[in-house]
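# Chains, contacts and geometry: an overview
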Amino acid sequence: VTLFRSGHFSMAPTMRAAILSGVLACALVFVVYNTNAKLESGMTMNAVRGGFTACARPQVVRNMVSFAHKKGSGSTENGRDSNSKRLGLKVTHGKVVPAGSIIFRQRGQRVHPGKNVAVGKDYTLFATKTGVVQFSNQRVNNGPKHKRIRKVAHIVPEEPVAEVAVESL
């Protein structure tokens, strides 16, 4: 304020008055919103509460976080689907299968391997020999109180049929 009175700045008096009123308004806003900040004689505005650089109203910070209470446009809960995994029985009881063919696809061991049947890394049961597929129930924990059974898949190897020569008449 003393610089304006001493004549160090050469500007129009109306401009000088506008700048001076703006500085005073900023100081008034600063003091009103910082009521616990006390200006003592000889202190500048920069020494109060870490500095005063802008003349904007301070933003009120609340101890609350607000979330959206409406969904944004374009958001949807539906609209996606996964491909079917085609699990389950592939060959029924009594059918003849070649070695390596898949008998049962599953997640976890719902059906356990029996004779001539192996398990893949995704619990798929497959035949290790050519033969007839048979399913059976096997008791687990053979005790008086244990009545659990498990399903088991077996391959019974085919016996080669001997060809009989037919005599021509």
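This text goes with the structure placed above it.
Residues numbered from 1 in each chain as written. Predicted model: local features only at pLDDT ≥ 70, side-chain atom pairs only at ≥ 80, totals over all residues. Heavy atoms only, no water.

### Observations concerning the nonpolar core
If you look at the biggest cluster of nonpolar residues, it comprises 11 residues: V91, V97, I103, F104, V111, V117, L125, A127, V133, A153 and I155. Broken down by secondary-structure element, the contributors of at least two residues to this core are β3 (102-105), β6 (125-127) and β8 (149-157). I103 has contacts with G88, L89, K90, V91, V117, L125, F126, A127, V133, F135 and I155, leaving out every residue within four places of it along the chain. (Core = buried A, V, L, I, M, F, W, Y, C linked by side-chain atoms within 4.5 Å. Buried < 20%, exposed > 50% of the residue type's maximum accessible area, 1.4 Å probe, protein only. Helix = DSSP H or I, 4+ residues; strand = E, 2+ residues; numbered from the N terminus. Contact = heavy atoms within 4.5 Å.)

### Description of the sheet that holds β6
The strand order across the open sheet formed by four strands is β1-β3-β6-β5, and the pairing between neighbours is antiparallel. Two strands in the sheet have a free side with no partner beyond their single neighbour: β1 (88-89) and β5 (117-119). Examined bridge by bridge, β1 and β3 share two bridges and lie antiparallel to one another. By the bridge assignment for β3, L89 is matched with F104. (Pairing = 2+ DSSP bridges.)

### Brief notes about the sheet that holds strand β4 (residues 111-113)
Strand order in the open sheet formed by four strands is β2-β7-β8-β4, and the pairing between neighbours is mixed. This sheet does not close on itself; its edge strands, each paired only once, are β2 (96-97) and β4. Pairing geometry for strand β7 (residues 131-139) and β8, over nine bridges, is antiparallel. Residue pairing for β8: N137 is matched across the bridge by K151.

### Observations regarding the pattern of salt bridges
Going through the model one piece at a time under the given rule, you end up with one salt bridge. In this structure, R105 engages D122 in a salt bridge whose closest nitrogen and oxygen atoms are separated by 3.4 Å. Residue R105 is found in strand β3, and its partner D122 is found in the loop between β5 and β6; the two are separated by 17 residues along the sequence. For R105, a relative accessible area of 29% puts it in the partly exposed group. (Salt bridge = Lys/Arg side-chain N within 4 Å of Asp/Glu carboxyl O.)

### A look at the pairing of β8
As judged from the three bridges shared by β4 and β8, these two strands associate in the parallel manner. Pairing of H112 across the sheet is with V152, part of β8.

### Section: the pairing of β7
One ladder, built from two bridges, connects β2 with β7; its direction is antiparallel. Looking across to β7, one finds that V96 is bridged to V132.

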